[in-house]
Amino acid sequence: MSEHDTTVTQEHSGGKLRAGITELLPAAGNGLLGRRSFVKAGLGAAGGIALMQAVPASAARPGHMRSPGPGMSEYGSPAPAEANVKRIGIGSQRGTTGSGASRSPLEHLHGIVTPSGLHFERHHAGVPEIDPASHNILIHGLVKRPLLFTMDALARYPIVSRLQFLECSGNSGTLLAADPPQLSCGELHGLVSGSEWGGVPLAVLLDEAGVLPAARWLIAEGADASVMSRSVPLAKGMDDAIVALYQNGERLRPENGYPARLFLPGWEGNMSVKWLRRINVTAQPAMTKDETSKYSDLQPDGSSLLFTFPMAVKSVITSPSPGLAMQGPGLYQIAGIAWSGNGRIRRVDVSADGGKSWVQAALDDLVLPKSLTRFTSAWRWDGSPGVLLSRAVDETGAVQPTRKSLMSNRAAGAFYHYNAIQAWRVGEAGKVNNVYV
Ligand SMILES: Nc1nc2c(c(=O)[nH]1)N[C@H]1C(S)=C(S)[C@@H](COP(=O)(O)O)O[C@H]1N2
Ligand SMILES: [Mo]
């Protein structure tokens with residue numbers, strides 16, 4: 001588990017090797033290197049990799065250097081050559097067009113923000129077409145003053161914005177299958193995305209309505225044809241819940257709740273009710289169809305947990321991953337995302353030998369609570385088969401479980417909240433497969 005700090009070792013033993021070389025000493029089995037390998041030494045200085053080849057300069061200038069290109073556009077689009085980067089795993093229930101999901105192509109993304117057009121979608125009755133000019137949000141029930149907010153009125157409140165993830169509690173559920181499904185990282189785990197969410201703190205609106213002492217719960221209701229409704233503890237509403245109007249700097253996309261959605265940081269995606277139209281302040285939860293027929297969690301003793309709010313600590317290696325084949329032996333950067341609904345990611349460990357030995361991964365600078373967090377680890381792949389794992393630990397000390405321990409503590413038929421360690425097998429030819437270890 002411990003990372004062997006090769007720099008210190010070398011200096012203390014009087015070694016005069018260049019830092020770049022000393023940094024590349026193995027720190028765990030099957031070629032994993034210390035977490036400062038790339039950060040300090042840089043790929044080039046490390047002397048172990050040649051990603052660029054000498055290419056003879058072409059005599060003729062390419063066409064795009066000989067005449068001006070097209071001009072400005074009102075709303076930009078990705079480069080045509082990136083057209084393969086799109087939402088994946090799109091499917092809906094038989095007989096419906098909009099009761100289903102699409103997934104973020106995690107293996108093609110970097111950073112902790114998912115472009116809005118690639119944010120995963122989960123709808124129970126499609127995307128309603130809502131005119132913001134006639135849409136309102138009602139706060140009523142156990143309050144002194146029931147209030148009706150127009151979208152224009154809401155936009156005049158102080159708006160906070162935060163980089164946070166949203167994850168469907170059904171994410172990764174296909175990994176409950178007895179045999180590992182041969183799907184891409186995004187197809188398996190892409191019901192999670194990260195955004196900069198901007199909105200009005202729900203506490204501000206509740207305070208204005210004047211919550212009565214008997215109030216304990218909020219029943220949030222959406223304006224889609226499924227009338228999605230969830231019971232939310234008042235304490236969450238008073239803590240970090242927002243009525244989101246903005247996503248990555250612009251107004252919400254229709255599929256993500258335009259013109260306003262509830263956003264409950266770190267909690268199962270289902271509770272972040274899109275197309276929010278009503279919050280009923282109550283003393284009891286409402287036991288809606290969306291929290292009884294679904295989103296309850298069967299236990300091994302046959303009972304069911306009605307509510308499982310926070311999404312537990314989790315991580316996945318996005319590169320390498322199935323579909324991103326290795327280009328021969330040499331130095332690679334293992335990269336991935338980690339997140340926890342209970343706060344910040346404290347550390348991520350990576351293994352290249354199926355869990356026999358681990359090295360601590362480097363976390364990117366932005367380690368924010370209830371946010372996607374990037375991790376990387378340098379790997380010298382010698383071309384032999386190996387099994388890559390990542391294991392996240394959050395600031396509460398919770399450790400991402402192995403698949404074996406998760407499965408042994410779960411009832412057959414329980415579906416939601418799968419957060420086990422993902423294993424990718426890298427074969428001799430560099431092909432990457434989903435495996436269970
Ligand atoms: N009104 C309404 N809100 C909803 C849903 C819905 O179908 N209708 N789906 C829920 C589920 S199950 C999830 S995981 C998230 C998905 O949000 P996204 O589509 O913006 O990714 O929205 C939740 N809020
Ligand atoms: Mo969901």
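Residues numbered from 1 in each chain as written. Chains lettered and ligands numbered in written order. Predicted model: local features only at pLDDT ≥ 70, side-chain atom pairs only at ≥ 80, totals over all residues. Heavy atoms only, no water.

Student: Explain the site of ligand 1 residue by residue, including any values.
Tutor: Surveying the vicinity of ligand 1 reveals 21 residues, the closest of which are Phe120, His124, Asp224, Arg261 and Lys274. At 2.7 Å, a side-chain N or O of Arg261 approaches an oxygen atom of ligand 1. A total of 530 Å² of accessible area belongs to ligand 1 in isolation, and the protein chains cover 100% of it. When the residues that make up the shell around ligand 1 are grouped by side-chain class, the tally is seven nonpolar, eight polar and six charged. (Near = heavy atom within 4 Å. Polar contact = N/O pair within 3.5 Å; in protein donor to acceptor, adjacent residues only side chain to side chain. Areas by Shrake-Rupley, 256 points an atom, 1.4 Å probe, with all protein chains shown as cover. Nonpolar A, V, L, I, M, F, W, Y, C, P; charged D, E, K, R; others polar.)

Student: Any details on the nonpolar core? Residues and values, ideally.
Tutor: As a rule of thumb, soluble globular proteins bury nonpolar side chains together. Counting 38 residues, the largest nonpolar core has Leu32 and Trp379 as the members making the most contacts within it. Of all the elements in the fold, those that place two or more residues in this core are β1 (26-28), α5 (185-189), β18 (314-319), β19 (330-339), β20 (345-351), β23 (373-381), β24 (386-394) and β25 (423-426). The element best represented in this core is β19, accounting for five residues. (Core = buried A, V, L, I, M, F, W, Y, C linked by side-chain atoms within 4.5 Å. Buried < 20%, exposed > 50% of the residue type's maximum accessible area, 1.4 Å probe, protein only. Helix = DSSP H or I, 4+ residues; strand = E, 2+ residues; numbered from the N terminus.)

Student: How would you summarise helix α6 (residues 202-209) if you had to cite specific residues and measurements?
Tutor: Buried within α6 are the following residues: Leu202, Ala203, Leu205, Leu206 and Ala209. Considered in projection along α6, the buried side chains sweep an arc of 160° and stay on one side of the axis. Remark: Gly210 follows α6 within two positions and exhibits a positive phi of approximately 80°. (Arc of directions from axis to C-beta.)

Student: Which residues make up the sheet that holds strand β3 (residues 88-92), and what values do they have?
Tutor: Reading across from one edge, β3-β4-β5 is the order of the three strands in this open sheet, with antiparallel pairing throughout. Because the sheet does not close on itself, it has two edges, and the strands there are β3 and β5 (121-123). With direction set aside, neighbouring strand axes in the sheet form an average angle of 5°. Of the strand pairs in this sheet, strand β4 (residues 100-103) and β5 are connected by three bridges, and their pairing is antiparallel. Within β5, the residue paired with Gly100 across the bridge is His123. (Pairing = 2+ DSSP bridges. Axes fitted to C-alpha atoms, helices over the stretch in contact; angles between N-to-C directions.)

Note that all results are geometric; they support no functional claim without further evidence.
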